[in-house]
Amino acid sequence: MKNKFYIISFVSVLIISLISLHSCRKNFSLDELSKMKNDSLHFEGSIAVPLVNTELTLINFVPANDSSLWLEVDDTDLIHIRMYYKNLVSLTMREMYPVPTVVYPAPAGYSVPANTHQLTTDTSKMKVYDRMLSGKLFFDNPKFSFIIENEIPVVTYFKMDTLTFYNYDTLAISHTDHTEYNIPAPTVQGTRKDTVIIIDTVAIPVLADVFAPVPRFISFYLSTGSHNPQVLPFGVTGDERMNISVDIDLPLDARLDTIIMSDTMNFAWDGDTYEQIKSATLKIRLDNGFPIDGYSQIYFADTTDQGGIGNIVDSVFTDISHPAVTEEGWHLLPAETDAQGIVTFTNESEILIFLDQERVSFLKNSHASKMIITGKLNSYNSNTGLFVKILGGYKMGVQIAIKADFDASTK
């Protein structure tokens, strides 16, 4: 987040201003005004505080410490969701062709019977970070690359029987494929054959839809082996190995269905002088840099004993009689694009929200201490079409400032 300002209190800014004008005064505050013996003293005016200057992007959803999932930007600035699982499957020949099917060590010329080995990958090794995205993504060109390093001289085929996704409700959604891929076998002892198998929408037409909703875990049900007896070109010990790694590439040439982005900042109410605030006005500027429609909402929340976010106590955009406000929040029009669908101009909205003293008191009494800014993107009904390109520079800008009108008196 750029230039984030934490609000200490409305009154604190006034204190700073007064100290700068009256340097001889120390620790001057409105509380001190109430202690002064001048019964006729009355003070009123306004202060303004910048609260937020942030940008929401899809990159916010991928934590740096999750090595299994990351985002990268290609030469055309298109964002790709990437996952790489090295040696997701690692099998020895002894595991694929167990005793007594083969007696080890086996010499050159030994005939290995036909055999099929089937396995399911461990879902804990294929974690998709569960805070990455909320909502559904439909990719136009997803790609799974299986990188196979084979030291076993008899393996002749590989098949991804079933690809299973486990979503946020722990429900499993499976997609099957019956295509067999040829795996070359090494013919010289101590060497290996490397093969890359690419599975995309040509191989599995429904692959564009399988990430909806974005899963928490992925697993593969795989088959490998030989359909016919194989004669060994060299002697084996049984420790020869086949390693299978998986590289998943999901370019964000995608259809976004209710993707939600958010950011959180502190909103602290210090001191006991909040009742002297007559009213407050939030000035909000929303700048949609995505080529799709969106909605934004700003929530106030309290804090738990552990310092986290507790309950939502209020939201900003509640007046649905306003033409730009719905039950989902403030409607953001899409950014303007050129003929290639690349954003040329962002779409800006500027909003003023009035908070009377009753609402200010409600926030204080509800222990509102956090502001949560959300952006919701949905390209399904967008005028730009079902699929849009999401580039690395696309963002939703949010700026918030507050003006407080106060009336402090020594009465």
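The model shown is predicted, which means the values in this text are computed figures rather than measured ones. Within each chain, residue numbers correspond to sequence positions counted from 1 in written order. Where local features are concerned, this predicted model is filtered to residues with pLDDT of at least 70; where side-chain atom pairs are given and counted, the filter is 80 or more; whole-chain, interface and lining totals use all residues. Side-chain measures were taken over the full set of non-hydrogen atoms in the model, leaving aside hydrogen atoms and water.

**Thoughts on the sheet that holds strand β14 (residues 241-251)**
At step 1: If you walk across this open sheet you meet the 5 strands as β2-β3-β14-β7-β11, and the pairing is antiparallel. The two strands at the open ends of the sheet, each matched to only one other strand, are β2 (70-73) and β11 (193-199). Pairs of neighbouring strands in the sheet enclose a mean axial angle of 25 degrees, with direction left out of account.
At step 2: We call two strands paired when DSSP finds no fewer than two bridges between them. For helices the rule is a DSSP run of H or I covering at least 4 residues; for strands it is a run of E covering at least 2, with both sets numbered from the N terminus onward. Of the pairings in the sheet, the one linking strand β3 (residues 79-92) to β14 comprises 10 bridges and is antiparallel in character. Each bridged residue has a counterpart across the sheet, and for Met83 the counterpart in β14 is Ile248. Between the N-to-C directions of two axes lies an angle of 0 to 180 degrees, each axis being a line fitted to C-alpha atoms and, for a helix, fitted only over the stretch in contact.

**With respect to the nonpolar core**
At step 1: Grouped together as the largest cluster of nonpolar side chains are 86 residues, with contacts concentrated most on Phe144, Phe146, Leu282, Ile284, Phe317 and Ile400.
At step 2: In terms of residue count, β3 provides more of this core than any other element does, 7 residues in total.
At step 3: By definition in these notes, contact holds between two residues if any of their heavy atoms fall within 4.5 Å. Setting aside residues no more than four positions away along its own chain, Ile400 makes contact with Pro50, Leu51, Val52, Leu282, Lys283, Ile284, Ile298, Met371 and Ile373. To form a nonpolar core, buried Ala, Val, Leu, Ile, Met, Phe, Trp, Tyr and Cys residues must be joined to one another through side-chain atoms within 4.5 Å. Relative accessible area decides the class of each residue, using a 1.4 Å probe on protein chains only: under 20% of the type maximum gives buried, over 50% gives exposed, and in between gives partly exposed.

**Looking at the pairing of strand β25 (residues 370-377)**
At step 1: Taking burial as the measure, the 8 residues of β25 include 7 buried ones, the bulk of the element.
At step 2: Sheet analysis places strand β16 (residues 259-266) next to β25, joined by 8 bridges and oriented antiparallel. Looking at the pairing, Met265 lines up with Met371 of β25.
At step 3: Summarising the sheet, strand β18 (residues 294-303) and β25 pair through 8 bridges and their orientation is antiparallel.

**Here's the deal with the pairing of strand β7 (residues 143-150)**
At step 1: With 6 of 8 residues buried, β7 is to be regarded as a mostly interior element.
At step 2: Bridge count between β7 and β14: 8 bridges; the pairing is antiparallel. Counterpart to Asn150 in the pairing with β14 is Met242.

**A closer look at helix α4 (residues 357-365)**
At step 1: Those residues of α4 lying buried are Arg359, Val360, Ser361, Leu363 and Lys364.
At step 2: Against the buried residues of α4 lie β17 (277-288), β18, β19 (309-315) and β24 (347-356).
At step 3: Downstream of α4 by one or two residues, His367 has phi in the positive range, about 60 degrees.

**Concerning unusual backbone geometry**
At step 1: That bond from Val99 to Pro100 is cis: its omega, 10 degrees, falls within 30 degrees of zero.
At step 2: Of note, Pro100 is situated in the loop between α3 (93-96) and β4 (111-112).
At step 3: Residue Pro105 is reached from Tyr104 by a cis peptide bond, and omega for that bond is -10 degrees.
At step 4: Within the element layout of this structure, Pro105 appears in the loop between α3 and β4.
At step 5: Phi angles above zero are rare outside glycine, and Asn87 is one such case at about 50 degrees.
At step 6: Relative to the elements of secondary structure, Asn87 occurs in strand β3.
At step 7: Overall, the relative accessible area of 31% leaves Asn87 in the partly exposed class.

**Remarks on the pattern of salt bridges**
Opposite charge on two side chains permits pairing when their charged atoms draw close.
At step 1: Each reported salt bridge corresponds to a side-chain nitrogen of Lys or Arg within 4 Å of a carboxyl oxygen of Asp or Glu. Here the structure, examined in full by the defined rule, presents 9 salt bridges.
At step 2: When the shortest N-O distance is used, the salt bridge between Asp249 and Arg82 registers 4.0 Å. Taken together, the positions of Asp249 in strand β14 and Arg82 in strand β3 put the pair 167 residues apart, joining distant regions of the chain.
At step 3: Owing to a relative accessible area of 12%, Arg82 belongs among the buried residues under this scheme.
At step 4: Residue Arg192 pairs with Asp194 through a salt bridge whose shortest N-O separation is 2.8 Å.

Function-wise, these values are silent; they only describe arrangement.
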